[in-house]
Amino acid sequence: MREYAVVLLTAALVTFLTTPVVRMLAIRARMMAAPRERDVHVIPTPRGGGVAMYLGVAAAILVATRLPALQRTFDDSQTFAVLVAGGLICLLGVLDDRWGLDALTKLTGQIAAAGVLVLLGVQLAFLFLPVADIGTISLGPDIGVPLTILLTVATVNALNFIDGLDGLAAGVSGIAALAFFAYSYHLGMVGYDDVASAPALITAVLAGACIGFLPHNFSPARIFMGDSGSMLVGLMLSAAAVTATGGVDPQSFDSAASLLPLALPLLVPIAILFIPFVDLLMAVIRRTRKGQSPFSPDKMHLHHRLLSIGHSHRRAVLVMYFWAALLSFGAVGLSITGGQAELLVAIAVLLVVGVVVVLSPRARRAAREARAAELAAQRERSRAEHPTARSVRDRTAAQRPRTGSEKRAAGAGQVLR
């Protein structure tokens, strides 16, 4: 754990110190994000912060090669694969941050980077399904390779889609990385994998890079991570999910009944990346139904909806942090404890709290509108019942010219008298 803390702090420190330099270079290279209709920022802001994050990742991995225990993580090529593929996709993001690549070119580059990741040893090789005595399914290259590439590209774009508010993608990614690290480290502690494992190292390094970048990126942001950062983070999270799944020996589990949280390790990554994936799925469905490209931009992402409800910029980001932490660490906690009742109750309570927090601006606005309407009605009744108002009404009625029917009624009254 001390060695993991060293690499995390190394990534955080290097990222934090290099981000101002990258910001200065981005301004000189005119890598600026000009405000658009769908954007929240109002002034041009430099992007390309993913370069600083990659430098932090590379420095931390270099330090890990010199640490006694973490040296074991380099017995295979998975960590090296993440470093190489991460550099390629970060370079692709820099090109997009500078010149604005079209969607097809970016997708091709993402597939190429994911292919390099698979070629160098990161591949989903098997799944263990604890239902109907299915057991272990060996995927093989024909299924494992395209499935790994698909998962990587989907994760990359999911993280890219939620990068819409200052500090949102960096914070959510840092939370996801820490949850992944807890999950991977626990697998090593209980004997399903080595404590010094590739997924634990990848996520510890990524968490450090996100933590180091966040002070520069939180609202008001001085620099954006850009596609160079969001795609790097997505690739590393996908690699962590694949390596964590491949690092568990499914035959070591006792029974399907005792192993629900661990028997299908992909459930934990899906829970950890639930918010980005939901945002991605909703965007694709929404744009496809309108006859638009799934990559065409709009202003209907989850963070935009929070702003439309009435949350401030920072409050919307903190709400997304809360949900990311609840889902991520809730899934990891269930995996570690086996689903204890106390933890389930705590998660249920926090879910209710989260829903109340999300809807609180709408409830406050409705309460304010109802109170304003009630006060207006009270003022109207008070004015109507005031003696001055009654005298004004009587005087107005006396001065108003009579109609023909009123004159006939008055004449009939005189005859009767």
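Structure: above.
Residues numbered from 1 in each chain as written. Predicted model: local features only at pLDDT ≥ 70, side-chain atom pairs only at ≥ 80, totals over all residues. Heavy atoms only, no water.

*Asks:* Sorry if this is basic, but what is going on with the pattern of salt bridges here?
*Replies:* Opposite charge on two side chains lets them pair, provided their charged atoms get close. By the definition in use, this model includes two salt bridges. Measuring nitrogen to oxygen at the nearest pair gives 3.7 Å for the salt bridge that ties Asp96 to Lys106. On the criterion of sequence distance, the pair formed by Asp96 in helix α3 (residues 78-99) and Lys106 in helix α4 (residues 103-119) is long-range, its members being 10 residues apart. Judged by relative accessible area, which is 8%, Asp96 ranks as buried. You can call Lys106 buried: its relative accessible area is 15%. Linking Asp227 and Lys106 is a salt bridge whose minimum nitrogen-to-oxygen distance equals 2.9 Å. Here the residue Asp227 occupies a position in helix α8 (residues 226-246), and Lys106 occupies one in helix α4, the gap between them amounting to 121 residues. Lys106 matches Asp227 in its accessibility class, with the two residues each being buried. The network of salt bridges with common partners includes Asp96, Lys106 and Asp227. (Salt bridge = Lys/Arg side-chain N within 4 Å of Asp/Glu carboxyl O. Helix = DSSP H or I, 4+ residues; strand = E, 2+ residues; numbered from the N terminus. Buried < 20%, exposed > 50% of the residue type's maximum accessible area, 1.4 Å probe, protein only.)

*Asks:* What's the story with the environment of Gly93 in this structure? I'm lost.
*Replies:* Mapped onto the fold, Gly93 is located in helix α3. Spatially, the C-alpha atoms of Gly93 and Gly226 are 7.2 Å apart, while their sequence positions differ by 133 residues. Those residues in contact with Gly93, other than ones at most four positions away along the chain, are Asp227, Ser228 and Met231. (Contact = heavy atoms within 4.5 Å.)

*Asks:* I keep staring at the nonpolar core and nothing clicks. Help me out?
*Replies:* One finds Tyr4, Val7, Met53, Leu70, Leu117, Val205 and Leu237 to be the most contacted residues of the largest nonpolar core, which totals 73 residues. Among all residues touching Val205, those that are not within four sequence positions of it are Val7, Ala11, Val57, Ala60 and Ile61. Ranked by size, the runner-up nonpolar core spans five residues in total, among them Ala179, Leu187, Ala244 and Val332. (Core = buried A, V, L, I, M, F, W, Y, C linked by side-chain atoms within 4.5 Å.)

*Asks:* What is the right way to look at the packing of helix α2 (residues 50-64) against helix α7 (residues 198-217) in this model?
*Replies:* Between α2 and α7, the least distance of the axes is 9 Å, while the angle of their chain directions is 140°. The orientation of α2 relative to α7 falls into the category oblique. For the crossing formed where α2 meets α7, the hand is right-handed. Residues Met53, Val57, Ala60, Ile61 and Ala64 of α2 form the contact with α7, whose own contacting residues are Leu201, Val205, Ala209, Cys210 and Phe213. Taken together, the residues of the contact of α2 with α7 sort by class into 10 nonpolar, no polar and no charged. (Axes fitted to C-alpha atoms, helices over the stretch in contact; angles between N-to-C directions. Parallel < 35°, antiparallel > 145°, perpendicular 65-115°, else oblique. Left-handed = near helix turned anticlockwise from the far one by under 90°. Nonpolar A, V, L, I, M, F, W, Y, C, P; charged D, E, K, R; others polar.)

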